[in-house]
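Chain and residue survey
If you want the building blocks of each chain, they are given just below.
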Amino acid sequence: MGMATESQFHVLAVDDSLVDRKMIERLLQKSSCQVTTVDSGSKALEFLGLRESNESNDPNAPSSSPVTHQEIEINLIITDYCMPGMTGYDLLKRVKESAAFRSIPVVIMSSENVPARISRCLEEGAEEFFLKPVKLADVTKLKPHMMKTKLKKESEKPSKEDNAVLKHEIRKDEEPSVIEILPLHQDVEQEPMLSNNKRKAMEEVISTDRSRPKYNDITTLV
């Protein structure tokens, strides 16, 4: 299992039938898709890192699923509906309940044309419902779903340059706030000094007036 290049889409195909798995794998590869195949819904969850701990017989056994997800991005999940243990509908619900994976398009396949089943899957969030055998024309319908999701993820992912500019702008906004506080602090300290000087000057004037002699009894004649 290799890494998908930037021009490819990576599809996780789930089917308990070996013949059907090989068929869908071949069709997807003709459409230039990277394909990973598993034979059950539980293995699909394990690959995505969504398998519950109580599903494992050995709770102390290390799981490689998170590493797999970090290294390989899944652009679409296509799964059979009728599978033993976990059905395709159950897998669909688990994926859509996950905050990390709910944006991944899920397509259901089935050899039985049951309208109620089709409606239930579409209402739960499936993008398409294909009747087996799946044809190349069906696979071509998957490209718009994968492209839309991939472009959305790329647009939401901030680049390293954007992060660097944002950090620089934050520093620039923080620096003036320190410089502006200093003059205000100095003014507060200078205010009491100015008040003390003014008070001393007034006291000197009053003291001078008190020490000056009074000549109430002298009249000046002209």
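Quick caveat: nothing in here was measured; it's all calculated off a predicted structure. Numbers given for residues are sequential positions, taken from 1 along each chain in its written order. Where local features are concerned, this predicted model is filtered to residues with pLDDT of at least 70; where side-chain atom pairs are given and counted, the filter is 80 or more; whole-chain, interface and lining totals use all residues. Where side-chain values are given, they derive from all heavy atoms of the structure, hydrogens and water being excluded.

**Some words on the UniProt feature "modified residue: 4-aspartylphosphate" (unreviewed entry) in the protein chain**
UniProt positions are given in the numbering used here, feature names are shortened, and annotations may be inferred rather than shown by experiment. Mapped onto this structure's residue numbering, the UniProt feature "modified residue: 4-aspartylphosphate" (unreviewed entry) falls at Asp80. Along the chain, Asp80 turns up in strand β3 (residues 76-80). Throughout, a residue-residue contact means that at least one pair of heavy atoms, one from each residue, lies within 4.5 Å. Once you skip the residues sitting within four places of it in the chain, Asp80 turns out to touch Val14, Asp15, Asp16, Gly88, Met109, Ser110 and Lys132. Runs of E in the DSSP output that reach at least two residues are strands. Runs of H or I that reach at least four are helices, and both are numbered from the N terminus.

**Side note on the side chain of Lys96**
Considering the arrangement of structural elements, one finds Lys96 in helix α4 (residues 88-97). Three exposure classes are used, based on accessible area relative to the maximum for each residue type with a 1.4 Å probe and protein chains only: buried under 20%, partly exposed in between, and exposed over 50%. His is not counted here, nor are the chain ends, while Lys and Arg score as positive and Asp and Glu score as negative. Note on definitions: salt bridges are taken to be side-chain nitrogens of Lys or Arg within 4 Å of carboxyl oxygens of Asp or Glu. Of the side chains with opposite charge, Glu127 comes closest to the buried, unpaired Lys96, at an N-O distance of 4.8 Å. Polar contacts involving the side chain of Lys96 include one to the main-chain carbonyl oxygen of Ile104, which spans 3.0 Å. If sequence neighbours within four positions are ignored, Lys96 has contacts with Arg102, Ile104, Val106, Glu124 and Gly125. The definition of a polar contact used here is a pair of N or O atoms within 3.5 Å, where within protein one atom must be able to donate a hydrogen and the other to accept one, and adjacent residues in sequence count solely through side-chain atom pairs.

**Regarding the side chain of His10**
Of note, His10 is situated in strand β1 (residues 9-14). In this structure His10 comes out as buried when scored by relative accessible area, which is 0%. One polar contact links His10 to Thr36, side chain to side chain, over a distance of 2.7 Å.

**Notes on the sheet that holds β1**
Pairing in this open sheet of five strands is parallel, and the strands run β2-β1-β3-β4-β5 from one edge to the other. The outermost strands of the open sheet, each flanked by one partner alone, are β2 (33-38) and β5 (128-131). Adjacent strand axes in the sheet meet at a mean angle of 20°, parallel and antiparallel pairs treated alike. Criterion used throughout: strands pair if DSSP finds at least two bridges between them. Taken together, the six bridges between β1 and β2 define a ladder with parallel strand orientation. Across the sheet, the residue bridging to His10 is Gln34, located in β2. Only the stretch in contact is used when a helix axis is fitted, and all axes are lines through C-alpha atoms; the angle between N-to-C directions ranges over 0 to 180 degrees. Running over the sheet, helix α5 (residues 115-124) touches β4 (106-110) and β5 and is turned about 150° from β5.

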